[in-house]
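Structural overview for review
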Amino acid sequence: MDDLIELDGVEKVFQVRRRAGLMRRERREVRAVDGISFRVPRGEMVGYIGPNGAGKSTTIKMLTGILVPSGGRLRVAGIDPSRERTRLARRIGVVFGQRTTLWWDLPLRDSYALVRRMYRIPDDRYRENLDRCVELLNLSELLDVPVRQLSLGQRMRGDIAAALLHDPEVLYLDEPTIGLDVVSKAKVRQFLRDVNAEQGTTVLLTTHDLTDIELLCKRVMVIDHGRLVYDGGLDGLHAVGESERTLVVDLEQELPPIEIPGSRTVRVEGPRQWLAFPATSSAAPIVAAVADGYPLVDLSVREPEIEDVIARMLHGGRGV
Amino acid sequence: MAESAVSTGLRAYVLIVGMWVRSTMAYRTSFLIMTLGNLLATGLDFVAIALMFTHIGQLGGFTLDEVAFLYGTTSVAFGLADLVLGTMGRLGQRVRDGTMDTLLVRPVPILAQVAADRFALRRLGRIIQGAVLLGWSLSRLDIDWTLDRVLLMPVMLLSGGAIFGALFVLGGAFQFWAKDASEVQNAFTFGGTTLLEYPPTVFGKELLRGVTFVIPLAFVNWLPALHILGRPDPLGLPARIGFAAPLVACGCCAVAGLAWRAGLRAYQSTGS
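Residues numbered from 1 in each chain as written. Chains lettered and ligands numbered in written order. Predicted model: local features only at pLDDT ≥ 70, side-chain atom pairs only at ≥ 80, totals over all residues. Heavy atoms only, no water.

1. Topic: the overall build of chain A
Worth spelling out the cut-off: Secondary structure elements are defined from DSSP: runs of H or I of at least 4 residues count as helices, runs of E of at least 2 residues count as strands, and each element is numbered from the N terminus. Burial classes follow relative accessibility: with a 1.4 Å probe on protein chains only, a residue under 20% of its type's maximum area counts as buried, one over 50% as exposed, and anything between as partly exposed. His is not counted, nor are the chain ends, whereas Lys and Arg count as positive and Asp and Glu as negative. Charge positions are represented by NZ for Lys, CZ for Arg, CG for Asp and CD for Glu.
A count of helical and extended segments in chain A gives 10 helices and 13 strands. Overall size of chain A, expressed as C-alpha extent along the three principal axes, is 65 × 55 × 50 Å. Scored against the burial criterion, the 320 residues of chain A give a buried share of 52%. For chain A, the centre of its 45 positive side-chain charges and the centre of its 47 negative side-chain charges are spaced 10 Å apart.

Next comes the structure, spelled out in structure tokens:
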């Protein structure tokens, strides 16, 4: 099997100095990543999720060579990232949702030209990749705008394009949809799906949005307190955590709680009722049953929050 | 490997610098005004010294022309380092806010990226000012131009630039640990130039020893200049000690390079 990313017992320990009194400083060790092992085969798209401070970003920073691991073995495309960071950089693309890798004061066009020369991208490849990104990410009108004047969604699209100009084998995305509006999110997701399908690019993404995972990744890894606590399909995650989706129904008038097999009514507020059902089963039969037996005005389905799913899994689930 | 890192670094440096120069040149008038401002500000600095000489004939046994020589040489050397590496002072901020991460994912040595970031051509002002003063002093000084003195001139300026450059890098490396340390660096670089603008004879022996043997600022211009001006060294070092400047510069660069590597490996990034 062609594993592009390999981690064996990788650790990262930070020395944190804390003020303890007027002059004294206390040294404390924080194990941000505490022995993580996994493999990602070429061409796979993997979600990497966990609560804040679980060690997601730290893992990505070790995978890109930004941080030196404190222990364990780590290889990306056969390269030890912290030892040969610049050699690895040619083969990976990185997008940080929180900050841009572009040059703040330069128009996108100039940033891209600089990327082309830094990565020594052959002319025809550059033109082809740029054209594709510009078209699929709707960048044509933004090319001459300095990066600092772009909106968050525009900047994110600009950043994703910059990370893909040199045909990277792996694309790391750290919160690529954070703070984006619905339309931008949809655009970014569609584009990532295309890149993965057409170029065979391996993608590892961290996110707070379960919809990202649902639409993009077959496999999801959950990290908590620096340890890998789940590795498998999203369905499995729901099953392990027994997470629930919610059907919100608006009725014509106030009624006693709806009773439908396969779901339970968790909340009633005037004519509006909340029905919970397992995330692994389909909403269709429940919707049909409600529509059949009750005077229905409107309804919507809510996906479980990523934090809830993880919390349920950690407290009730089996884990790996 | 090491050699290819140097060549990719230089290439990237030229690339990024070229881009900044082009983007500065988009506002030509602004650039000219900034450069003129830079020239004036540094020029006024020497006017203060010249005014002082209207009241005293000599400073530590040195005439105004000789002080101008010292001032010009340190200014050119510092100007060269400041032009090439002047933005190293911003490194601490990059470490603090985590934007250092974005440099680390590019296939180019960090030093080249940090040094070339926001390259400001207006810093040429300092070199121009120094060169003008140096030319003026040379036209008035009566120097016995032996071959070794002629040779020592370019050697002195380039080694001086390299020593200041090494200090910039060393200061930058230090900021990986102490994130607010750019002022410490400034003390040695900007502070160093102010020191070297004056004759070594006005300072105490302890200070002279310190800048000769500990932080070898004396090799930037004092020691070579003493030989060119035909003056004895106040510490009693041999006259040709000035020729050690390139060696000292290489040593400084090696130390700075090692410190830089250690700093980079100690980099801890920021949360998220």
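2. Re the pattern of salt bridges
All names here are of chain A. Keep this limit in mind: The working definition used for a salt bridge is a side-chain nitrogen of Lys or Arg within 4 Å of a carboxyl oxygen of Asp or Glu.
Throughout the structure, instances matching the rule amount to 41 salt bridges over all chains. Between Glu6 and Arg39 there is a salt bridge, and its shortest N-O distance comes to 3.6 Å. Placement of Glu6 in strand E1 (residues 3-19) and of Arg39 in strand E2 (residues 25-41) is noted, with a sequence separation of 33 residues between them. Given a relative accessible area of 18%, Glu6 falls into the buried group. Arg39 gets classed as partly exposed once you look at its relative accessible area, which sits at 33%. One salt bridge connects Asp34 with Arg31, and the closest N-O pair in it is separated by 3.1 Å.

3. Description of the packing of helix H8 (residues 147-174) of chain B against helix H9 (residues 182-196) of chain B
Residues and elements named next belong to chain B. Definition in use: Between the N-to-C directions of two axes lies an angle of 0 to 180 degrees, each axis being a line fitted to C-alpha atoms and, for a helix, fitted only over the stretch in contact. Throughout, the term roughly parallel applies to angles under 35 degrees, roughly antiparallel to angles over 145, roughly perpendicular to angles from 65 to 115, and oblique to all others. By definition in these notes, contact holds between two residues if any of their heavy atoms fall within 4.5 Å.
Two elements in contact, H8 and H9, have axes separated by 8 Å at closest approach and are oriented at 160 degrees. In terms of axis orientation, H8 runs roughly antiparallel to H9. Within the contact between the two elements, H8 uses Phe164, Leu167, Phe168, Gly171, Gly172 and Phe174 and H9 uses Val184, Gln185, Phe188, Thr189, Gly192, Thr193 and Leu196.

4. Digging into the interface of chain B and chain A
Definition in use: Summed over both partners, the accessible area lost on bringing two parts together, with a 1.4 Å probe, is the buried area. Two N or O atoms count as a polar contact when they lie within 3.5 Å, although within protein this holds only if one can serve as hydrogen donor and the other as acceptor, and sequence-adjacent residues are included solely when both atoms are side-chain atoms.
If you look at the interface, chain B gives 29 residues, while chain A gives 29 residues. Contact between chain B and chain A buries roughly 2,800 Å² in total, counting both sides, with carbon and sulfur atoms accounting for 59%. In terms of surface lost to chain A, no three residues of chain B exceed Val105, Arg106 and Pro107 of chain B, which account for 24% of the buried area on that side. Counting the contacts that link chain B with chain A gives 3 salt bridges. Here Asp105 of chain A and Arg118 of chain B are joined by a salt bridge, their closest N and O atoms 3.0 Å apart. Summed over the shared surface of chain B and chain A, the result is 7 residue pairs in polar contact (both at pLDDT 80 or more). Counting only elements with at least two residues in the side of chain B that touches chain A, the list comes to helix H1 (2-25), helix H5 (100-104), helix H6 (110-116) and helix H12 (245-266) of chain B. The element that contributes the greatest number of residues to the side of chain B that touches chain A is H1 of chain B, accounting for 7 residues.

5. Brief notes about helix H11 (residues 222-229) of chain B
Among the 8 residues in H11 of chain B, 8 count as buried, and that is most of the element. Just downstream of H11 of chain B lies Gly230 of chain B, where phi reads positive at about 70 degrees.

6. Some details on a nonpolar patch on the surface
Quick note on the threshold: Only residues whose relative accessible area exceeds 30% and that take part in no salt bridge are eligible for patches, with like-charged residues grouped when within 9 Å of each other and nonpolar side chains (Val, Leu, Ile, Met, Phe, Trp, Tyr) grouped when within 5 Å. Accessible surface is estimated by sampling points in the Shrake-Rupley manner with a 1.4 Å probe; for residues, cover comes only from the protein chains shown.
A cluster of nonpolar side chains, contributed by Phe174, Trp177, Val184 and Phe188 of chain B, occupies part of the molecular surface with about 380 Å² of accessible area. Position of Trp177 of chain B relative to the elements: it lies in the loop between H8 and H9.

7. Details of the environment of Glu6 of chain A
C-alpha of Glu6 of chain A to C-alpha of Leu114 of chain A: the two residues are 108 residues apart in sequence and 31 Å apart in space. In contact with Glu6 of chain A, other than residues within four places in its own chain, are Phe38, Arg39, Arg73, Leu74 and Arg75 of chain A.

8. What about empty space enclosed by the protein?
To keep it simple, the criterion reads: Any residue with an atom within 4 Å of a point lines the site, the site being either a cavity, points on a 1 Å grid over the protein atoms alone where a 1.4 Å probe fits but cannot get out, or a pocket, an open set with protein on both sides within 12 Å along at least 5 of 7 lines. Grid points are joined across faces, edges and corners, and a volume is the space filled by probe spheres set on the points. Ten residue types, Ala, Val, Leu, Ile, Met, Phe, Trp, Tyr, Cys and Pro, are classed as nonpolar, four, Asp, Glu, Lys and Arg, as charged, and the remainder, Gly among them, as polar.
Tallying each qualifying case throughout the model produces 4 cavities of 30 Å³ or more. Counted as a void, the largest cavity has a volume near 140 Å³. Forming the walls of the largest cavity are 13 residues, and the residues nearest its centre are Thr101, Tyr119, Ala162 and Ala163 of chain A together with Arg106 of chain B. Elements that contribute at least two residues to the lining of the largest cavity include exactly strand E5 (92-96) and helix H5 (152-164) of chain A. Looking at which element gives the most residues to the lining of the largest cavity, the answer is E5 of chain A, with 3 residues. Split by residue class, the lining of the largest cavity holds 9 nonpolar, 3 polar and 1 charged.

In short, geometric facts, not functional conclusions.
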